[in-house]
Amino acid sequence: MEITSETVIKKPKRLTSIVWNHFERVKKADICYAVCVHCNKRLSGSSNSGTTHLRNHLMRCLKRSNYDVSQLLAKRRKKDNAVTLTSYNFDEPQPKEEHIPVAAIKFEPEPKREEAITFGSTKFDQERSRMDLARMIILHGYPLAMVDHLGFKRFVKNLQPLFDIATDSAVELDCISIYEKEKHKVYGMISRLRGRISVAVDLWNSPENARYLCLTAHYIDEEWKLQKRMLNFIMIEAAHTEDIHSEVVIKCLMDWDIERRLFSMTFGDLFTSDDIVSRIKHHLSQNRPLLINGRLFDVRCGAHVLRLLVGDAIDALREVIHKIRESIRFVKSTQTMQGKFNEIAQKVGIDNQKNLFLDCPMRWNSTYVMLETALAYRAAFSILQEHDPAYTAALSEQEWEWTNCVTSYLKLFVEITTAITNNKSPTANMYFPEICDVHVQLINWCKSSDEFIRSMALKMKAKFDIYWSKCSLSLAIAAILDPRFKMKLVEYYYPQIYGSNAQDNIKEVSDGIRELFNEYSIGSTSVSVDYGIGSSAGGGGGECRDRLKGFDKFLHETSQGQSAVSDLDKYLEEPIFPRNYDFNIFTWWKVHTPRYPILSMMAQDVLGVPMSIVTPDVAFKTGGRVLDQYRSSLSAETVQALVCTQDWLQTEVEEFNALPSAAPVPLCIEAS
């Protein structure tokens, strides 16, 4: 507003607040005002009013937004040379009115990129802050282009005016630099492992129709903690042949130097070509024979098999499911129809708390819930058909029976999928009873007198048999190494599965675990020597010659027949551990390692095999993993750097949060 006939008052010495650089103090009659030099707004300027309302006005003043703080600092230096950019101490108590909110000022300084500027005891490091930004982008999956967003720039400049925001291309280079450093750390950690490693291989899709091959290492470390680290995320062309796929996998294994230390490989797709697996096995066996001739090497994802079985069930009931969806749409078409349906439900005694809803076809568990809810209103739908001729999507009694049967199958698959994907430590031993339940149920369904149900079950069992033929031995051995089950669980399920042939198949499992144990017994001495276990205590360094290597070999050859075999026999002959919900298999084996030194080594590798590689967020999706639109637009090298490093950083955060009394985790794990 216009100010006329006022006298400008010379500011007394006590008006030292920095806020007065934005206001002129004027007096009209006997009243003092503070007039904003940017917008001419008049506020109270009385000495009793303080400066809080003036600072609040500055935060809202639109015409002040382009004010350069360097001008403000220059004015303050002239007034008081005691306050400088490098000597101001934030730890000393300052008058309350001296602080103006930093967020209210637009900063546009241009410090040198490499220099570190100190504010008293606070040090600002441009390089480290830039790497922190890159780590944040990787950790949370933010787009690289966020550094170009106006809102982000304004936020950062107000937060730290000295930070020079890099371009998205520069941030991309920083992310790749972090990837190289983190990869070196992961490589060192894996190279120090004494046990074997299992690798999961999964295919991702993308909106750009590109496919990515994801390799993840799974293992149990020396502290008996289940670990996993993503190794590679490589784009593969659609035109690539099976030969190329196997070569890509082999090259990745060689780059990480783990091709001689593999226990198994888990493939995410049941129908991954056997030729691809055979080529990988052939290459690996040339350097070092696979355990028990590779019979435990080829594992297929259990959750993916369940998804295939669910797909067959839903596909068989496709026309009936369509009718149920149309029926629900009809009931929910108007409030009047919904009310009429509710009245019918009450008359027939339906007291269901669940409301009818349409499923999401992309999530099969929602289809299950829709069918289960519709079955609860079965009688109401039947009466609706009689009273409303406009309702044309009614189901026959036979179709309702099919729906009831298929829904019971889906319920089993939902329960098992939830059990194996929601477990935070999904060790291999937990899968055998779940998979055996599916096997037993499939056998029973195939005996159904209903042709529709029987034909559907036979189609499902044909796919399940492929999985069972590849994974049954691995599943059984893992269950035997659970002290709550041992051989008893195999002896319980196999008669239900194989009938009169059960004893032959039980013997096959027993022979398999003994053969595997014998190979670990034979290799235990060489493994110990490779990693320096049991070397001469008098050696002065890692390169000293161990004069007792020959004795180790002699000791192994003369005592193997008695002690090693009895190690497994002793475990199997002792009573099983009571089954309770507080049991932790890692703790049990860690405690019993001295009692079963070789068997515990074998258990460490077997229990670490990923029997399923589907994460909870995609467990119930009808499709596989899909890379987001943003990352799909980046180069293949950048995508691998971002995806792999995100996995590594998230693992560090999870481990940090698991520590007792965990403090806030720093994004910058180490100084750059």
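Counting restarts for each chain, with residues numbered from 1 along the sequence as it is written. Confidence filtering applies because this is a predicted model: local features only for residues at pLDDT of at least 70, side-chain atom pairs given and counted only at 80 or more, and all residues used for totals across whole chains, interfaces and linings. Processing note: side-chain calculations cover all non-hydrogen atoms of the structure and skip hydrogens and water entirely.

**Student:** Help me understand the packing of aromatic side chains in this model?
**Tutor:** To describe a pair of aromatic rings, one takes the distance between the centres and the angle between the planes. Stacked, tilted and edge-to-face pairs are distinguished by plane angle, under 30 degrees for stacked and over 60 for edge-to-face with tilted covering the rest, among Phe, Tyr and Trp rings (Trp via its six-membered ring) whose centres lie within 6.5 Å. The final tally for this structure, using the stated rule, is 28 aromatic pairs. Aromatic pair Tyr179 and Trp648: ring centres 5.7 Å apart, planes at 10 degrees, arrangement stacked. Of this pair, Tyr179 sits in helix H5 (residues 168–191) while Trp648 sits in helix H22 (residues 636–658), and the two are 469 residues apart along the sequence. For every residue, the accessible area (1.4 Å probe, protein chains only) is compared with the maximum for its type, and the residue is labelled buried under 20%, exposed over 50%, or partly exposed between those bounds. For Tyr179, a relative accessible area of 5% puts it in the buried group. Geometrically, the ring pair formed by Tyr212 and Phe233 is stacked, given 5.1 Å between the ring centres and 15 degrees between the ring planes. With Tyr212 in strand S8 (residues 211–220) and Phe233 in strand S9 (residues 226–236), the pair connects residues that are 21 residues apart, well separated along the chain. Per residue, the accessibility class of Tyr212 equals that of Phe233, and both read buried. Here a set of aromatic residues connected by ring pairs shows up, and it is made of Phe432, Phe464, Tyr467, Trp468, Tyr492, Tyr493, Tyr494 and Tyr498. Its end group placed over the ring of Tyr33, Arg42 keeps NZ or CZ at 4.1 Å from the ring centre. Seen from the ring of Tyr571, Lys486 lies directly overhead, with NZ or CZ sitting 4.5 Å from the centre. Secondary structure follows DSSP: runs of H or I at least 4 residues long count as helices, runs of E at least 2 residues long count as strands, and numbering of each begins at the N terminus. Two limits define a charge over a ring: the Lys NZ or Arg CZ must be within 6 Å of the ring centre, and within 35 degrees of the ring normal.

**Student:** Help me understand the pairing of strand S2 (residues 23–28), please; the structure alone is not making it clear to me.
**Tutor:** As a general feature of sheets, a regular strand has side chains that alternate between the two faces. In terms of strand pairing, S2 meets strand S3 (residues 31–36) through 6 bridges, oriented antiparallel. Considered in S3, the bridge of Lys27 is made with Cys32. Counted along the chain from S2 to the antiparallel partner S3, the turn is 2 residues long, and its residue Ala29 has a positive phi close to 60 degrees. Strand pairing follows a simple DSSP-based rule, namely that at least 2 bridges must link the two strands.

**Student:** I would appreciate a short explanation of the confidence of the model for the chain in the present structure.
**Tutor:** Should pLDDT be low for a region, the predicted coordinates there are not to be read in detail. The score called pLDDT rates the predictor's confidence residue by residue, from a low of 0 to a high of 100. When the pLDDT values of the chain are averaged, the result is 82; 80% of them are 70 or greater. Looking at the elements of the chain, mean pLDDT is at its lowest for helix H2 (residues 69–79), recorded as 44, and at its highest for helix H16 (residues 487–498), recorded as 97. Only heavy atoms matter for contacts: two residues are in contact if any of them lie within 4.5 Å across the pair. A low-confidence stretch, residues 1–13 (pLDDT under 50), is modelled with 21 contacts involving residues beyond four sequence positions or located in other chains. Low pLDDT (under 50) marks residues 525–544, which in the prediction has 15 contacts with non-local residues, meaning those over four places away or in another chain.

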